[in-house]
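Architecture at a glance
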Amino acid sequence: RLARIGTHLIRTYFPELQQERFIFEIQKGKDWYLLYDPDVPRRIHHIKCEPAYVILPEAILTGGIAHELSHAVRDIPLLKRGTIMALGTKYNTNLKARVADERATDMLVITRGLGHALLASAEWQFETGGKKWKPDFGLHPTEIRAILAQQANGTLKTPSGRYR
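A few points on the structure. (Residues numbered from 1 in each chain as written. Predicted model: local features only at pLDDT ≥ 70, side-chain atom pairs only at ≥ 80, totals over all residues. Heavy atoms only, no water.)

**Let's talk about the overall build of the chain**
- The secondary structure content of the chain amounts to six helices and three strands.
- In the chain, the order of α-helices and β-strands from amino to carboxyl end is α-β-β-β-α-α-α-α-α.
- Among the 164 residues that make up the chain, the fraction classed as buried is 47%.
- Contacts in the chain between residues at least 24 apart in sequence constitute 62% of all its contacts with a sequence separation of at least 6.
- Working note: accessible area of the chain is about 8,800 Å², and carbon and sulfur atoms make up 54% of it. (Helix = DSSP H or I, 4+ residues; strand = E, 2+ residues; numbered from the N terminus. Buried < 20%, exposed > 50% of the residue type's maximum accessible area, 1.4 Å probe, protein only. Contact = heavy atoms within 4.5 Å. Areas by Shrake-Rupley, 256 points an atom, 1.4 Å probe, with all protein chains shown as cover.)

This is the structure in structure tokens:
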């Protein structure tokens, strides 16, 4: 199920990832439901999913996988330049950088046309799944709803190229 959804998303919404190798796997997480974990030396991209999350409705799972694939879109140029480790250090040690990265990742999901799936995932995590929202988790469900409303009425403004 993970691989089917992930493959569909790559083919349909993230075509630039088609030449990359992804492994979708179920793994017990400590503090995450889904996790993008690049294997830098072997150029393999792992999307890891908590067992309890994989059985949820497809829209919720789709939103979560789309978020993780958006991390890959944003990180692959850094992998190619050899600067991904610097990003990882900054991400893990700098809250402001982590917040900015997660928010930009969510905006990429929305601009790719998957905002409703992202909303379903965020609503489940923070309103049903019991996870307390923090700024470094990305956009809050109320922010996603507002952005989707702006997108629907044509008033969403995104900096050129920033979320691509």
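**Here's the deal with the sheet that holds strand E3 (residues 44-49)**
- Across the sheet, three strands lie side by side as E1-E3-E2; this open sheet has mixed pairing. Looking at strand neighbours, the two that pair on one side only are strand E1 (21-26) and strand E2 (34-39), the edges of this open sheet. When strand polarity is set aside, the average angle formed by the axes of neighbouring strands in this sheet is 20 degrees.
- Note that E2 and E3 share six bridges and pair antiparallel. Bridge assignment links Leu 34 to a residue of E3, and that residue is Cys 49. (Pairing = 2+ DSSP bridges. Axes fitted to C-alpha atoms, helices over the stretch in contact; angles between N-to-C directions.)

**Quick notes on the pairing of E3**
- Most of E3 is tucked away: six of the six residues are buried.
- Burial along E3 is two-sided: Ile 44, His 46 and Lys 48 facing one way and His 45, Ile 47 and Cys 49 facing the other are all buried.
- One ladder, built from six bridges, connects E1 with E3; its direction is parallel. Considered in E3, the bridge of Phe 24 is made with Ile 47.
- Between the antiparallel neighbours E2 and E3 lie four residues, among them Arg 43 with a positive phi of about 55 degrees.

**Some words on helix H6 (residues 141-152)**
- In this model H6 runs 16 Å from its N-terminal to its C-terminal C-alpha over twelve residues, within 8% of the 16 Å that 1.5 Å per residue would give.
- Taken residue by residue, H6 has Pro 141, Ile 144, Ile 147 and Leu 148 as its buried positions. Around the axis of H6, the buried residues are gathered within 120 degrees of arc, so they sit on the same side. (Expected span 1.5 Å × (residues − 1). Arc of directions from axis to C-beta.)

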